[in-house]
Amino acid sequence: MPVATPDSYTFTPGTPLYAGLPIPFASVVTTLSLVNTSGSTQTANFVSPMFGQPFKQGDIPSGQYPQFQLTDDTPCPATLWGITHWPDGSMKWCGAIIQVPTTIAGSGTLTINVKNGGSAPSASSRGTSDFTAADLKTELTGVTNLSGVWTASLNTAITDATEIVVIGDGPAGKVYRIGGGFKQSGSAHGQMHCWHYAIAMQNSSNGLLGLRYLGRIAQPWTDITSPSVAKRDFTAVLKSGATTVRTLQGVDASEAVQGTITLPHYASVYTCGTDAKWDFLQGGGSASADCTVRVVQDKTYFVKSRMVPPYDVSLSITNPSSIDYVPMCNGGMTRSTGTTGEREDIGVFPSWFSRHIIAPTANTERHVRVAGLATGGWRTGLRVSSTLMPPAVHDTQASYTGLGTVQPTYRYWDSPFNVGVSAIPAGHLWLEEYDGHHRPQGSYFPYLLTGEPQFLDQLHEQANSFIMIIPPGNGTEWKTSPPIMDGAKNGGFHARDSVIAGTSYKTSGILFRQDLERYAAWMLRDVAQAAAISPTVCPKGTAIKSYFNDSVEQNYTALTTYVSYMPTSYQDDGLFGLIPVSINPVDVPWCIGYLCNSLAHQYSISGSSQALAASTHFAKYWAAIKNHRDFAAAFSLNALMWDETGKRAEQIEDVYFQITDSVLSFNATTDFVSKSGANSGYSVANGDVVAGNPARISSIAARQKLYAVNTTGSTWQLSATPGGSPLDITSTGDEATFMILNNFSPRISYEGAGGPETYLANIRGCLRHLEAVGISLVNSARVDADARVVSAGTSFTGNPKNAFTSSYPS
């Protein structure tokens, strides 16, 4: 007999509260607010919208499930899906819908307690026959590269049974993903495909309450050549029987709404309305309309779970203007992800997601949904028709269940660099969205927040696209003294797998690449997010979670191994960089900030000890700057990493930082150097170090260390030795400034003053993030950065992507 909890329950006699082991003492771990968005009373026994619920490690212990209850302990039966776990076996996240046995007053709010101590939900009485009466289908009428009318019918897809996946099942209803091709006269098109996401909701009498539905129109196949891969134009309608539910629209190059939708290969669009929500249909159910309820998670607990960065939820955030979903819309993002410069898109989370975390409103939630669905329009939705899954392209394990034959030579990239495999198809509006340098996070947070399964499917595709774009090659062999690669391997650039001391690390080309660290930051972020939030047990029975997890762990292990071969000073000062002097002698501190932010997030969502080790290594970089420099150097555009002999810096004392807004003016008559530019106002002392282009001084090698002598105010001379004789300046002109200064005051940043979209805010954010995940060695640097942000007058109210605290809520 079950042992009762100390709580009292109001329930129908005969309803089991717990089945299996004795119930432990249940406690409230968080709450939900169900907000009635209508002025009319919401009737009882409705089923909530889908939502995602993260949990702090240990709050739902191994073997337990969450319980959803009214504040008087009345149970709210729940259907759960997508359950994933922390390393200790406790629940990390689940998607859910709950059946609510009470009313909500017009414009009122109902509090739901989320407790631990629950058991696995029992199955519903729902089945695919619940969808028959609604007769849902999407009809496409061809305009270009598509002729006639093509129909994707949910009922036909159920009959064909090509792909019927039960995402979740429980007393509140049953969630499905059902796939099928667009057909004409009974024959499938071959390229045009539709995934039907559908819920059959269950009422309090175990009958059908109603349906929710979202269709995904796609061209996903990597292994079908007939009909040809093409950009296809069409008009589209969503129907229920003969009734048109919605006429879909697209956008043109000016973002103006139009009747035609242009769909590139590997892109997809959705059948929903402008609010980016699933449609409700009665379909023979007992409810004539959907509930008028919005689910609002507790924002402090959401951050406390560590599934998002440590945002400061006490901030007041400017509520953005409204946004609409239209197929192929930009969702508020920059169309060309290759566009350089700080902007809302760039960061571990973009601003439109961070706004909702800090100050959730109906409007910010709409932004999350719209932006998430808009990324379905990226040409990243690659799948294999024989498995219906993304193609597996790394063989850390020889095979991955359900992913088909591993294709380690497969690459997906812009055709000029394609190495003879799949090329990026002709596009429509998006540019370089397959590239990792600036691409924003697309689907992780929308899935985390809403629990809607289409976002997880997109996340799998988007993460895998980052693995696929790296050249297969034959493994890049990285030397450890000095830390540059062997140019004989893979054309002197990099490959998908890296070889360190004779051992190959699969996909570690994400991190080991002769490029800016931002590339690794955003690519590894998506792969780690896919690994962290994918269900522990895939409803389709595949090993896709292992596939992504193996990739990120290989990157972490490669980093730890590589650094272990380097000098102690290199390890102690958190140095890393693979760009050889022949390509560029400088590295970029702000990109290291990006990577630190990403790695700290990866550790917080996974609990991986390897992710912590990687984060800790790079954290040492900031601590070393603080210990050996005026910390203004941390906020620099570039850092000079090679000396005049071609030797890589192996300690922070040998790294020079560029003063971005200031150049040196050389006077061939007086042999004095002076500062010019907006970022003047600092002093140079005798013994301070300068390096750079030697064009103004004869017989001096590039990047040779020179010392300031005879300093007078803002002018000085240069010597080849400390306190030595001044060098002759042979020509006049200006040069970029790379310097080692002991005191940069009163200036606060080598790159210029503050604002939320500068390197100052980015690095301050990464330091707080690192400290929040437990890396205390950055504390002194973080305190310094905090003071500089205050001095700069930085405000995060409009762009809060870096608005972090230095600790997670306890």
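Residues numbered from 1 in each chain as written. Predicted model: local features only at pLDDT ≥ 70, side-chain atom pairs only at ≥ 80, totals over all residues. Heavy atoms only, no water.

## Concerning the side chain of Arg496
Rules: Under the scheme used here, helices are H or I runs from DSSP no shorter than 4 residues and strands are E runs no shorter than 2 residues, and both carry numbers assigned from the N terminus. Exposure categories follow from relative accessible area, calculated using a 1.4 Å probe and restricted to protein chains: below 20% of the type maximum is buried, above 50% is exposed, and the middle band is partly exposed. Under the convention used here, Asp and Glu are negative, Lys and Arg are positive, and both His and the chain ends fall outside the count. Only one rule defines a salt bridge in this text: a Lys or Arg side-chain nitrogen within 4 Å of an Asp or Glu carboxyl oxygen. Throughout this description, a polar contact denotes any pair of N or O atoms lying within 3.5 Å of each other; where both atoms belong to protein, one of them has to be capable of donating a hydrogen while the other can accept it, and for residues adjacent in sequence the pair is counted only when both atoms sit in side chains.
Turning to its location among the elements, Arg496 is positioned in the loop between strand E22 (476–478) and strand E23 (498–500). Comment: no salt bridge for buried Arg496; closest opposite-charge side chain is Asp497, at 5.9 Å. At 3.3 Å, the side chain of Arg496 forms a polar contact with the backbone oxygen of Val393. Looking at Arg496, its side chain comes within polar contact range of the main-chain oxygen of Pro408, at 3.0 Å.

## Some points on the sheet that holds strand E7 (residues 109–118)
For clarity, the cut-off: Any two strands are treated as partners once DSSP identifies two or more bridges connecting them. Under this scheme, a helix contributes an axis fitted over its contacting stretch, all axes are lines through C-alpha atoms, and angles between N-to-C directions fall in the 0 to 180 degree range.
The strand order across the open sheet formed by 4 strands is E4-E7-E1-E21, and the pairing between neighbours is antiparallel. The sheet is open, and its two borders are formed by strand E4 (65–70) and strand E21 (293–297), each paired with just one other strand. Each strand axis lies, on average, 30° off the axis of its neighbour in the sheet, ignoring direction. The pairing of strand E1 (residues 28–36) with E21 spans 5 bridges and is classified as antiparallel.

## Topic: the pattern of salt bridges
For the coordinates displayed, the defined rule picks out 36 salt bridges. The partner of Asp515 in a salt bridge is Arg513, with the nearest N and O atoms 2.9 Å apart. Asp515 gets classed as buried once you look at its relative accessible area, which sits at 18%.

## Details of the confidence of the model for the chain
This is how it is decided: Across the chain, each position has a pLDDT score giving the predictor's confidence in that residue, from 0 to 100. Residue contacts are defined here by distance: any two heavy atoms, one from each residue, within 4.5 Å place the two residues in contact.
For the chain, per-residue confidence averages 91 on the pLDDT scale, and residues scoring 70 or more make up 93% of the total. The model gives residues 1–23 a pLDDT under 50, and that stretch makes 31 contacts with residues more than four places away or in other chains.

## Topic: helix H4 (residues 362–374)
Here is the rule we go by: In this analysis, the expected span of each helix is defined as 1.5 Å times one less than the number of residues it contains.
Under the 1.5 Å per step criterion, the end-to-end length of H4 is 18 Å for 13 residues, consistent within 8% with the ideal 18 Å. Buried residues dominate H4, accounting for 11 of its 13 residues. What H4 keeps buried is the set Asn363, Thr364, Glu365, His367, Val368, Arg369, Val370, Ala371, Gly372, Leu373 and Ala374.

## Side note on the packing of aromatic side chains
Put simply, the test is: Think of it this way: a Phe, Tyr or Trp ring, Trp meaning its six-membered ring, pairs with another when their centres are within 6.5 Å, and the plane angle makes it stacked under 30 degrees, edge-to-face over 60, tilted otherwise.
If you walk through the whole model with that rule in mind, you get 29 aromatic pairs. A centroid spacing of 5.4 Å and a plane angle of 85° characterise the contact between Tyr400 and Tyr547, whose relative ring orientation is edge-to-face. Remark: Tyr547 occurs in helix H8 (residues 544–564) and Tyr400 occurs in the loop between H4 and helix H5 (444–450); sequence separation between them is 147 residues. The same class applies to Tyr400 and to Tyr547, which are both buried. Pairing Tyr562 with Phe576 gives two aromatic rings, centres 6.1 Å apart and planes at 85°, and the pair type is edge-to-face. Here Tyr562, found in helix H8, pairs with Phe576, found in the loop between helix H9 (568–572) and strand E25 (586–587); they are 14 residues apart in sequence, far enough to count as distant. For Tyr562, a relative accessible area of 0% gives the class buried. Taken together, Phe302, Tyr311, Phe349, Trp352, Phe353, Tyr444, Phe445 and Phe804 form an aromatic cluster joined through their ring pairs.

## Some words on the packing of helix H10 (residues 589–606) against helix H12 (residues 759–772)
We apply this condition: Between 65 and 115 degrees an angle is taken as roughly perpendicular, under 35 as roughly parallel, over 145 as roughly antiparallel, and anywhere else as oblique. Crossings are classed by handedness, with left-handed meaning an anticlockwise turn of the near helix from the far one by less than a right angle and right-handed meaning a clockwise turn. Side-chain classes are defined by residue name, with Ala, Val, Leu, Ile, Met, Phe, Trp, Tyr, Cys and Pro counting as nonpolar, Asp, Glu, Lys and Arg as charged, and the others, Gly among them, as polar.
Viewed as axis vectors pointing N to C, H10 and H12 meet at an angle of 30°, and their least axial separation amounts to 9 Å. Comparing the axis directions of H10 and H12 gives the class roughly parallel. Considering only the axes of H10 and H12, their crossing is left-handed. Contacts between H10 and H12 involve Pro589, Trp590, Gly593, Tyr594, Cys596, Asn597, Ala600 and His601 on the former and, on the latter, Tyr759, Asn762, Ile763, Gly765, Cys766, His769 and Leu770. Along the lines of polarity and charge, the residues of the contact of H10 with H12 split into 9 nonpolar, 6 polar and no charged.

## Thoughts on the nonpolar core
Note the cut-off: By nonpolar core we mean a set of buried residues, namely Ala, Val, Leu, Ile, Met, Phe, Trp, Tyr and Cys, connected to one another through side-chain atoms within 4.5 Å.
The biggest cluster of nonpolar side chains holds 213 residues, and the ones touching the most others in it are Phe445, Phe512 and Trp622. It is helix H7 (residues 517–533) that contributes the most residues to this core, 12 residues altogether. Contacts of Phe512, omitting those with residues within four sequence positions, involve Trp478, His494, Ser498, Ile500, Ala558, Leu559, Tyr562, Phe576 and Leu578. By size, the runner-up hydrophobic cluster in this structure holds 26 residues, among which are Leu80, Ile83, Cys94 and Tyr301.

## Let's talk about H12
Between its first and last C-alpha atoms H12 spans 20 Å; for 14 residues at 1.5 Å apiece the expected length is 20 Å, and the two agree. A positive backbone phi angle near 105° is found at Gly774, which sits one or two residues after H12.

## A closer look at the state of the cysteines
Basically, it comes down to this: The definition used for a disulfide is geometric: two cysteine sulfur atoms within 2.5 Å.
Inspection of every chain in the model, using the stated rule, returns 0 disulfides. Note on Cys291: no disulfide assigned, nearest cysteine sulfur contributed by Cys76 at a separation of 13 Å. Owing to a relative accessible area of 14%, Cys291 belongs among the buried residues under this scheme. No disulfide involves Cys538; its sulfur sits 17 Å from that of Cys94, the nearest cysteine.

## Some details on the side chain of Asp526
Residue placement: Asp526 occurs in helix H7. Ignoring sequence-local partners within four residues, the contact set of Asp526 consists of Arg439, Gln441, Leu459, Gln462, Ala463 and Phe466.

## Quick look at the packing of H12 against helix H13 (residues 779–792)
It is the contact of H12 with H13, at a shortest axis distance of 9 Å, that shows an interaxial angle of 145°. Along this stretch, H12 crosses H13, giving a crossing that reads as left-handed. Counting all contacts with H12, which are made through Leu760, Arg764, Leu767, Arg768 and Glu771, the residues of H13 involved are Asn779, Ala781, Arg782, Ala785, Asp786, Arg788, Val789 and Ala792. For the contact of H12 with H13, a count of residues per class yields 6 nonpolar, 1 polar and 6 charged.

## Section: the environment of Asn474
Here Asn474 lies in the loop between helix H6 (453–468) and E22. Classification of Asn474 by relative accessible area gives exposed; the value is 54%. Taking the C-alpha atoms as reference points, Asn474 and Glu461, separated by 13 residues in sequence, lie 24 Å from one another.

## Comments concerning the sheet that holds E22
Ordered in space as E22-E23-E24, the 3 strands form an open sheet in which the pairing is mixed. Only two strands of the sheet have a single partner each, and these edge strands are E22 and strand E24 (503–505). Taken pair by pair, the neighbouring strands of this sheet meet at an average axis angle of 35°, ignoring direction. In terms of strand pairing, E22 meets E23 through 3 bridges, oriented parallel. Each residue of the ladder has a partner; that of Glu477, found in E23, is Val499.

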